[in-house]
Amino acid sequence: MKPSSSDTELVHAAKAGDLAAFEALTTRHERRIYSLAYRMLQSPQDAEDVTQQAFLSAVENLAQFREEASFATWLYRIATFAALKVIRKRKGLVTVSLEEATEAREDYDSIPHPEYIADWKQSPEQLVERHETQRLLEDALALLDDKHRLVFVLRDVEGLSVRETATTLGLSEANVKMRLLRARLQLREQLTRTLGDPATRIERSHHHHE
Amino acid sequence: MKCEELLKMLNEYVDGTVDPAICEEFEKHMAGCNPCQVVVDNIRQTITLYKNGQPYALPLEFRAKLHATLRERWLERPPVR
């Protein structure tokens, strides 16, 4: 198999018993799967466990993989469910959904107001180039509650739709939207404290007009 | 539209799924409210940064172990129909 082979070609070869093709698929997707697990779980050890489980499960189920979705999507779902299982276990909620009974009370009236409002010193294009930025993003993500972080990772980092995020997490779409808003606002707050230009800061007292 | 109402519609606005009539009100509010304008900018930039974040590299030791484990499992039980 050439390095330029498509995933579909590699999957067909792997299904025919070609281990090298499966290793090529692994090499191609391992970083994304590991990053997903790491971002969801915030633990290097758990991220490794989930990554290994996901690929082992891919080996075991490859013959049954019907290719209705792409290999990337299929693998991605396996990894997401493995990561969710770890989170539920941590919470002692093996069979309970992530939707908590008190969730209905988390409504729009209790959304925290933006506190630190300022233009950023640099554009996202400039920031992405900088090594410290990755660190800052991960630190801010780590500060979110699990329930907010999971929604943000699936929706904004991984690019799932609101509906796909809701289905994956077993939540209502309304709940996904609420959590996403909280996550985005909290991350904005956190990042702006570091990236904001203090000279352009707008004091909160000016923010109460109609 | 008040700042509080704008905050509630923020997702729909930045994701481009807001109702056109509400979108117009939203933009009218922003034009006269610098703080809200900056918050919306910040939110967009926040999402862009995370979307474009680089995936992590696997720790080398883990990567070697992962590939060894997969080879072993493959050879034990090849996934051929």
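Note that this is a predicted model, so its numbers are computed, not measured. Within every chain, residues take consecutive numbers counted from 1 along the sequence as written. Here the convention is simple: chains get letters from A, ligands get numbers from 1, in the order in which they are written. Since the coordinates come from a predicted model, pLDDT governs what is reported: local features require at least 70, and pairs of side-chain atoms require 80 or more to be given and counted, while whole-chain, interface and lining totals use all residues.

1. Digging into the overall build of chain A
Using the following cut-off: Numbering of helices and strands runs from the N terminus, with a helix taken as a DSSP run of H or I at least four residues long and a strand as a DSSP run of E at least two residues long. With C-beta atoms placed from the backbone, a residue is buried if 20 or more other C-beta atoms are within 10 Å of its own, exposed if 12 or fewer are, and partly exposed between those counts. In this description, a residue-residue contact is defined by the distance between C-beta atoms placed from the backbone, which must lie within 7 Å.
Along chain A, the regular secondary structure elements total nine helices and zero strands. The helix and strand sequence of chain A, counted from the amino end, reads α-α-α-α-α-α-α-α-α. Per-residue burial over chain A gives 39% buried out of 210 residues. Expressed as a percentage of contacts within chain A between residues at least 6 apart in sequence, the contacts between residues at least 24 apart total 66%.

2. Quick look at the overall build of chain B
What counts, and what does not: To get the radius of gyration, use the C-alpha atoms; to get the globule rule, take the number of residues to the power 0.38 and multiply by 2.2 Å.
Regarding its fold elements, chain B presents four helices and zero strands. Starting at the N terminus and walking to the C terminus, you meet the elements of chain B as α-α-α-α. For 81 residues, the compact-globule formula gives about 12 Å, and the C-alpha radius of gyration of chain B, at 24 Å, lies well above that figure. With respect to the principal axes defined by its C-alpha atoms, chain B has extents near 65 × 30 × 15 Å. When each of the 81 residues of chain B is scored for burial, the buried share is 25%.

3. Observations concerning the domain arrangement of chain A
All names here are of chain A. Inclusion rule: Segmentation of the chain into domains, including their bounds, is taken from an automatic or database domain assignment.
Here chain A is described as being made up of domain 1 (7–91) and domain 2 (101–207). Look at where the C-alpha atoms of domain 1 and domain 2 centre, and you get two points 27 Å apart. With six residues of domain 1 in contact, the opposing surface of domain 2 contributes eight residues. Mapped by element, the contributors of at least two residues to the side of domain 1 that touches domain 2 are helix 2 (19–41) and helix 4 (71–91).

4. Examining the interface of chain B and chain A
Here is the rule: Residues are grouped as follows: nonpolar covers Ala, Val, Leu, Ile, Met, Phe, Trp, Tyr, Cys and Pro; charged covers Asp, Glu, Lys and Arg; every other residue, Gly included, is treated as polar.
In this complex, chain B contributes 38 residues to the contact, which on the side of chain A involves 47 residues. For the side of chain B that touches chain A, the secondary-structure elements that each account for two or more residues are helix 1 (3–14), helix 3 (34–51) and helix 4 (60–76) of chain B. A breakdown of the residues in the side of chain B that touches chain A according to their chemical character gives 21 nonpolar, 11 polar and six charged.

5. As for helix 3 of chain B
Applied cut-off: Multiplying 1.5 Å by the helix residue count minus one yields the expected span of that helix.
Here helix 3 of chain B is 18 residues long and its end C-alpha atoms lie 26 Å apart, about the 26 Å a rise of 1.5 Å per residue gives. Within the sequence span of helix 3 of chain B, burial applies to Pro-35, Cys-36, Val-38, Val-39, Val-40, Asn-42, Ile-43, Gln-45, Thr-46, Ile-47, Leu-49 and Tyr-50 of chain B. For helix 3 of chain B, the elements touching its buried residues are helix 5 (124–128), helix 6 (131–142), helix 7 (146–157) and helix 9 (173–195) of chain A together with helix 1 and helix 2 (20–31) of chain B.

6. What to know about the nonpolar core
All names here are of chain A. We count it as follows: The nonpolar core criterion groups buried Ala, Val, Leu, Ile, Met, Phe, Trp, Tyr and Cys residues into a set whenever they are joined through C-beta atoms within 7 Å.
Membership of the largest hydrophobic core comes to 67 residues, with the highest contact counts inside it found for Ala-37, Val-50, Ala-54, Leu-75, Ala-79 and Val-151. For this core, the two domains that each supply at least three residues are domain 1 (7–91) and domain 2 (101–207). In contact with Val-151, not counting residues within four places along its chain, are Thr-165, Leu-169, Val-176, Arg-179, Leu-180 and Ala-183.

7. Notes on the packing of helix 1 of chain B against helix 2 of chain B
Helix packing for two helices is described by the angle between their axes and how far apart those axes are. Residues and elements named next belong to chain B. We count it as follows: Axis geometry follows a simple rule: fit a line to the C-alpha atoms, using only the stretch in contact for helices, then measure angles between N-to-C directions, giving values from 0 to 180 degrees. Note on angle classes: values under 35 degrees are labelled roughly parallel, values over 145 roughly antiparallel, values of 65 to 115 roughly perpendicular, and the remainder oblique. For any helix crossing, the convention is left-handed if the near helix is rotated counterclockwise from the far helix by under a right angle, and right-handed if that rotation is clockwise.
Axis separation between helix 1 and helix 2 bottoms out at 11 Å; the angle between their running directions is 120°. The orientation of helix 1 relative to helix 2 falls into the category oblique. Here the hand of the crossing between helix 1 and helix 2 comes out left-handed. Contacts between helix 1 and helix 2 involve Leu-6, Met-9 and Tyr-13 from the first element and Ile-22, Cys-23, Phe-26 and His-29 from the second.

8. Observations concerning helix 8 (residues 162–169) of chain A
Residues and elements named next belong to chain A. Cut-off, in case you're wondering: Here the arc refers to the directions that run from the helix axis out to each C-beta atom.
Among the residues of helix 8, Thr-165, Ala-166, Thr-168 and Leu-169 are the ones counted as buried. Projected down its long axis, helix 8 carries its buried residues within an arc of 165°, all on one side. Its buried side turned inward, helix 8 meets helix 4, helix 7 and helix 9. Among the residues trailing helix 8, Gly-170 stands out with phi positive, at a value near 70°.

9. Here we look at the packing of helix 2 of chain A against helix 4 of chain A
Residue and element names in this part refer to chain A. Relative orientation of the contacting elements helix 2 and helix 4 amounts to 30°, with a least axis distance of 10 Å. On the basis of their axis angle, the class for helix 2 and helix 4 is roughly parallel. Remark: the crossing between helix 2 and helix 4 carries right-handed chirality. On helix 4, the residues that touch Leu-25, His-29, Ile-33, Leu-36, Ala-37, Met-40 and Leu-41 of helix 2 are Phe-71, Ala-72, Leu-75, Tyr-76, Ala-79, Thr-80, Ala-83, Val-86 and Ile-87. The class makeup of the residues in the contact of helix 2 with helix 4 is 14 nonpolar, two polar and no charged.

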